[in-house]
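# Structural characterization, general
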Amino acid sequence: MVIQLRQKIEVGFGRFAHLIYRNHWKVLFLILILVAALTSQLPKLTMDTSTEGFLHANDPALISYDHFRDQFGRDEVLAVAITAPDVFDLKFLTKLKQLHEELRNNVPYLDDITSLINARNTRGEDSTLIVEDLLEQWPESVNALEEIKKRALSNPLYRNLLLSEDGTTTVIVIKTDAYSSLGVETESAGDFDDAAFEADTETEAAKAERKFFTDEENNELVIAVHQIAERYNGSNFMVRIGGGPEVMFKLKQTMQTNMKRFIRLAFAIIAIALFVMFRRISGVILPLLVVLLSLLSTLSVMAMAGIAFKLPTQILPSFLMAVGIGASVHVLAIFFSHLQQGNTKEDSIVHAMSHSGLAIVMTSLTTAAGLASFAGAEVAPIADLGLLASSGVLLSLLFTILLLPALLSIIPLKAKISSSSEKRHARMDRVVVGIANFATRRYKLVLVLSGIVLVLGILGAVQVRFSHEPYKWMPESMSVRQAGDFLDQKMGGASVVEVVVDTGKENGLYEPRIIQGLEALKYEIEKIKGGPISIGKTLSVVDIIKETNRALNENQQAFYKIPDNRDLIAQEFLLFENSGSDDLEDFVDSQFSKARFTIKMPWTDSIYLEILSADLERRFHQQLGDDVVVTVTGMNALLGRTMAATIFSMTESYIIAAVVITLMMILLLGSVRIGLISMIPNLTPIILTVGVMGWLDLPMDLFTILIGSIAIGLAVDDTIHFMHNFRRYHLETGDVPDSVRRTLLTSGRAMLVTSIVLCIGFFIYMFSILTNLFNFGLLTGFAIAMALLADFFLAPALMMQFYKQGTTAVEE
């Protein structure tokens, strides 16, 4: 019954191939209409490389962060660090002022800019609170300059924020707009009064419609800062630019440049390898055309679905290249082999489709079903990848079984009579026959060696460490790394974690226990040093209250503390609010019910950020009580949440994928035992790849964790082609060694060609300057090689052991 069903399906594919051959122009026309309709959506494709884009819009962590940005603005700042022999030299300060003013006047999307020029200087004079800029009165004498220097060096607020501990480096802090300016019209002065009249009623609606600060705007801002800063850079005025916006800009720029370059190189190398294998231009153009159309169509689906292109989804072209090349080569290898034997083009197309059509459909459906399990992931790009990769696989299938036969029907092709071609095929045949003989005759040795290698792989896999440090993907020679490392060392870092304390009642911040609790937390948290987390500085409303209290008490240092009296705290809030400074808005809401607590720190591994968030929440509740709501947020908190969600989601997704693929293998191969056994060569390359990561101490991050998706696609592809054809031949003869030989002489050729081509294509990524792309190329190429070896050696040995040479197919 199994044989009859298989034969009926294969005959059906043969008839289908006849139909395409006789209607090739119609098929081609329909394909062109489909491609044209899909690609017309490409202009709608957007890119989102922000950290926020890693989470779904309804994720609680992202919702909290959006509320934070709405209330307090963007947490990420651009830090322009300037080093000089003496930062309090008048010439240096004059140049600093010029740079400060040029940045303020010419940088787009700037919300606030702070430096020594306009740093907050709170003091009292005749019982009056004065909040002014540090250099509001420009020093005209040496004594005045010395007084400025004394004030700056003694002000704890400036330390590790605007001024390094040793006083050799100062920083200009640039805060960007929280909301995007897209779609916002600038009103004329004449319209101002009318607009202001409706401002209160429209604010919330306007915010709901507006987008947050975009990647494109971040790029413009960073480029503008660089252009201005470069004109001031010199030996006595050394400028370094760091901070979150700079890191993301450089990382995205380098990633995009490297990915484009290496995808092109991979395509070029694959084209050369295909030509060497087939010695036909058609053998190069047709597989690459299938890949290109599959990629364009999948990107069009992205645009139609409103899914933005994100950093993790940049592996999509590589994945579709692997899947598309594999399916096309299987058809072409059988087609050209049959054509070389003197058969007509139509017969060769029919033979190729009858032989490989079912296997290709099986591989595509199984791979698509396995990858679709990623669609439920908590991390948005991984969920997108599950949806898009499975869609891309099905589109690639469509182009392989429709477009490829149609083009073969149109292109004039003949058998090539060449002694060199015959010798090349003979050499390849000798190789695969030798492998088949070794794997079947020495199958026990193969199984033992495979078991040892698998154990080593598992031992390596258990050593794998999760880590995600995009900052360290870039080499130390890059200016962004040098600036970041400098800021980490000199200024306690340029990365932040934000904590929002909600008292739940109006004027709740007037309570001494709340403000004093925040002060205690300041000292407690700033003591966290060494280890993976090291805190450089904290900023909060505590600094403002202490400055104000000191100023109102004749500037005496002894009064640099939090008052014990609620009414006095309320009065100091009011006085500072009426002083003309808007700094209070950065740390409290208008109802004095919420307080912002900023924790400044060096760049660190994202794997520790979720732990830090939980620890901070515990500390804040311990100090402030359980009656307040504590929310840990900010970009670093999102990274921590993303990494934790990735580990959980990918573990869950890979387990679901394994179960789905196992069920599909059982269904498609028509045997529970064969289906289960087929999962051994399917899973082996993934286990060995993870094992290599453990032995080489390569981290499992948001990029390398996705390599499994490509490994699944290639491993399933090779295994199904092997098992499908092996079952066909074994059901005919009942002879395992002969069935293995015949399988490797047909599908084995295509598997060998595909694997060699793709290994070369992926290994080229190892020339990238980015460590994540280096690891991606190394591990993906290794996984492809292991998938081939598993199906050339392990699968035949398993079949020998299963069938116990001499038994018949009926004994299944």
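Residues numbered from 1 in each chain as written. Predicted model: local features only at pLDDT ≥ 70, side-chain atom pairs only at ≥ 80, totals over all residues. Heavy atoms only, no water.

What the domain assignment lists for the chain is domain 1 (1-57 + 279-417) and domain 2 (421-462 + 670-812). Just the C-alpha atoms count here: the centres of domain 1 and domain 2 sit 22 Å apart. Contacts between the two partners involve 36 residues from domain 1, matched on the other side by 31 residues from domain 2. When domain 1 packs against domain 2, the two sides together hide about 3100 Å² of surface, and 72% of this comes from carbon and sulfur. Here domain 1 is connected to domain 2 by zero salt bridges. At the boundary of domain 1 and domain 2, one finds four residue pairs in polar contact (both at pLDDT 80 or more). At the level of elements, α1 (2-22), α10 (316-340), α11 (345-372) and α12 (380-410) are the ones that each hand at least two residues to the side of domain 1 that touches domain 2. Here the element with the most residues in the side of domain 1 that touches domain 2 is α10; it accounts for 13 residues. (Domains from an automatic or database assignment. Contact = heavy atoms within 4.5 Å. Buried area = accessible area lost by both parts, 1.4 Å probe. Salt bridge = Lys/Arg side-chain N within 4 Å of Asp/Glu carboxyl O. Polar contact = N/O pair within 3.5 Å; in protein donor to acceptor, adjacent residues only side chain to side chain. Helix = DSSP H or I, 4+ residues; strand = E, 2+ residues; numbered from the N terminus.)

What follows covers the pairing of strand β3 (residues 120-125). The sheet contact formed by β3 and strand β4 (residues 128-133) spans six bridges and is antiparallel. From the neighbouring strand, R120 faces β4, where its bridge partner is D133. (Pairing = 2+ DSSP bridges.)

Attention now goes to a nonpolar patch on the surface. A cluster of nonpolar side chains, F438, L445, V448, L449, I452, V455, L456, L459, W695 and L696, forms an exposed patch at the surface whose accessible area comes to about 920 Å². For the nonpolar patch, the secondary structure elements donating two or more residues are α14 (443-461) and α21 (672-696). Here the nonpolar patch gets seven residues from one element, more than from any other, and that element is α14. A residue is classified by how much of its surface remains accessible, and L449, at 45% relative accessible area, is partly exposed. (Patch = residues over 30% accessible without salt bridge, like charges linked within 9 Å, V, L, I, M, F, W, Y side chains within 5 Å. Areas by Shrake-Rupley, 256 points an atom, 1.4 Å probe, with all protein chains shown as cover. Buried < 20%, exposed > 50% of the residue type's maximum accessible area, 1.4 Å probe, protein only.)

Moving on, we come to the sheet that holds strand β2 (residues 110-114). The strand order across the open sheet formed by four strands is β2-β5-β1-β6, and the pairing between neighbours is antiparallel. The open sheet terminates on both sides in strands that have one partner only, identified here as β2 and β6 (238-243). Each neighbouring strand pair of the sheet contributes to a mean axis angle of 20 degrees, computed without reference to strand direction. In this sheet, strand β5 (residues 169-176) lies alongside strand β1 (residues 77-83) in antiparallel orientation, the contact comprising seven bridges. (Axes fitted to C-alpha atoms, helices over the stretch in contact; angles between N-to-C directions.)

Our next topic: the packing of helix α8 (residues 244-278) against helix α23 (residues 736-763). With their axes 8 Å apart at the nearest point, α8 and α23 run at an angle of 150 degrees to one another. Comparing the axis directions of α8 and α23 gives the class roughly antiparallel. Crossing angle aside, the handedness with which α8 passes α23 is right-handed. From α8, A266, I269, I270, A273, L274 and M277 reach across to α23, where they touch V753, I756, V757, L758, I760 and G761. Counted by class, the contact of α8 with α23 contains eleven nonpolar, one polar and no charged residues. (Parallel < 35°, antiparallel > 145°, perpendicular 65-115°, else oblique. Left-handed = near helix turned anticlockwise from the far one by under 90°. Nonpolar A, V, L, I, M, F, W, Y, C, P; charged D, E, K, R; others polar.)

Summed over the entire model, instances satisfying the criterion amount to 31 salt bridges. For D627, the salt bridge identified is with R513, shortest N-O distance 2.7 Å. With D627 in the loop between α19 (609-624) and β10 (629-633) and R513 in helix α16 (residues 512-526), the pair connects residues that are 114 residues apart, well separated along the chain. Looking at R513, the relative accessible area reads 42%, which means it is partly exposed. Three or more residues are tied together by salt bridges with common partners; here these are E524, D615, R618 and R619.

To continue, consider the packing of aromatic side chains. In the structure shown here, the tally under the stated rule is 20 aromatic pairs. A ring pair is formed by Y179 and F212, whose centres lie 4.8 Å apart and whose planes are at 20 degrees; its orientation type is stacked. Highlighted residues: Y179 in the loop between β5 and α6 (192-209) and F212 in the loop between α6 and α7 (215-232), separated in sequence by 33 residues. Seen in terms of ring centroids, Y510 and F592 are 5.6 Å apart; in terms of plane orientation they differ by 45 degrees. Their pairing is tilted. Residue Y510 is found in the loop between β7 (495-502) and α16, and its partner F592 is found in the loop between α18 (566-577) and β9 (594-601); the two are separated by 82 residues along the sequence. As far as burial versus exposure is concerned, Y510 and F592 are alike and both buried. Feature note: the residues F262, F762, Y765 and F776 constitute an aromatic cluster, connected by ring pairs. For the cation-ring pair, R728 lies above Y729, with the distance from its terminal atom to the ring centre recorded as 5.8 Å. (Phe/Tyr/Trp six-rings, centres within 6.5 Å; stacked < 30°, edge-to-face > 60°. Lys NZ or Arg CZ within 6 Å of the ring centre and 35° of its normal.)

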